[in-house]
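# Per-entry structural report
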Amino acid sequence: MTALPLTRRKFTSEEYLVIERAASTRSEFFDGDIYDMAGASESHTIICDNISGEIRTRLKGTSCLGMSQNVKVPAGGMRLFAYPDYLIVCGERRYSDSRLDILTNPLVLWEVLSPSTELYDRTTKFELYKQIESLREYVLVAQDRPVIEHWVRMDDGSWRQNVLMGRAAVLTLEAVPVAVPFAELYDRIEFSATPSR
């Protein structure tokens with residue numbers, strides 16, 4: 001998401017959906033503002049493709065399905081409509097209407113962190129994602145170093161954080177039977193000696 005909304009006018013969520021569904025580019029909605037989704041870096045794109053390929057393979061034969069980047073997720077009582085970089089849904093897929101473009105019951109959400117969105121993905125967006133009743137896990141993937149923050153919702157509603165580091169690490173999800181080595185998630189990614197932070 002870019003730092004500034006496209007216009008100064010506030011929109012309702014209904015107005016946003018009309019505009020978004022007619023648009024040729026994607027945008028996200030937060031608290032009345034519409035944000036253009038800027039183009040992704042090469043590393044971001046490769047990591048997203050790696051996630052999609054690796055998860056798809058591991059979900060074969062299960063009731064779970066992975067979806068990437070073109071499905072909107074509402075959160076926070078319609079305060080937010082976001083396009084997660086990747087999501088997993090299991091069993092029946094529930095959509096807000098017959099357009100089948102707004103999924104309301106994701107089980108796992110993934111965001112690949114970018115310098116312009118990292119703080120937002122970690123704070124505001126995560127706080128709103130937490131209000132999605134079906135959500136059990138949130139995965140934040142760094143693109144400038146092999147680090148993943150894996151958040152898991154506990155039975156009491158609190159969230160536990162696991163930080164995994166290094167190319168030898170393995171991400172193991174709890175809500176679905178999936179374990180993915182970092183070597184696969186970060187395949188074809190070269191890290192600079194000094195991270196861009």
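As shown above, the structure is provided for reference.
These remarks concern the structure in this document.

### Observations concerning the pattern of salt bridges
Going through the model one piece at a time under the given rule, you end up with 16 salt bridges. The closest approach of N and O atoms between K125 and E28, which form a salt bridge, is 3.6 Å. A residue pair is termed long-range when its members are at least 10 positions apart, and K125 in helix α4 (residues 124-129) and E28 in strand β1 (residues 27-30) qualify at 97 residues. A salt bridge links D121 to K125, with the shortest nitrogen-to-oxygen separation between them at 3.4 Å. The exposure class assigned to D121 is buried, which follows from its relative accessible area of 2%. Counted as one network, the salt bridges with shared partners bring together R21, K72, D97 and D101.

### Focus: the state of the cysteines
Under the counting rule described, the total for this entry stands at one disulfide. Shown here is the disulfide that connects C64 with C90, its sulfur atoms set 1.9 Å apart. Since a negative S-S torsion denotes a left-handed disulfide, the C64-C90 link at about 105 degrees is right-handed. Of this pair, C64 sits in strand β3 (residues 64-67) while C90 is found in strand β6 (residues 86-90), placing the two residues 26 residues apart along the sequence. Judged by relative accessible area, C64 falls into the buried class, the value being 12%.

About the thresholds
- One numbering rule holds for all chains: residues counted from 1, following each sequence as written.
- Restriction of local features to residues with pLDDT of at least 70 applies here, the model being predicted, together with a cutoff of 80 or more for giving and counting side-chain atom pairs; totals for whole chains, interfaces and linings are based on all residues.
- Side-chain metrics in this entry use all non-hydrogen atoms of the structure; hydrogen atoms and water are not considered.
- Salt bridges are defined by distance alone: a side-chain nitrogen of Lys or Arg within 4 Å of a carboxyl oxygen of Asp or Glu.
- The helix count covers DSSP runs of H or I at least four residues long, the strand count covers runs of E at least two residues long, and both are numbered beginning at the N terminus.
- Only protein chains enter the accessibility calculation, which uses a 1.4 Å probe; a residue whose area is less than 20% of its type maximum is buried, one above 50% is exposed, and one in between is partly exposed.
- Here, a disulfide means two cysteine sulfur atoms that sit within 2.5 Å of each other.

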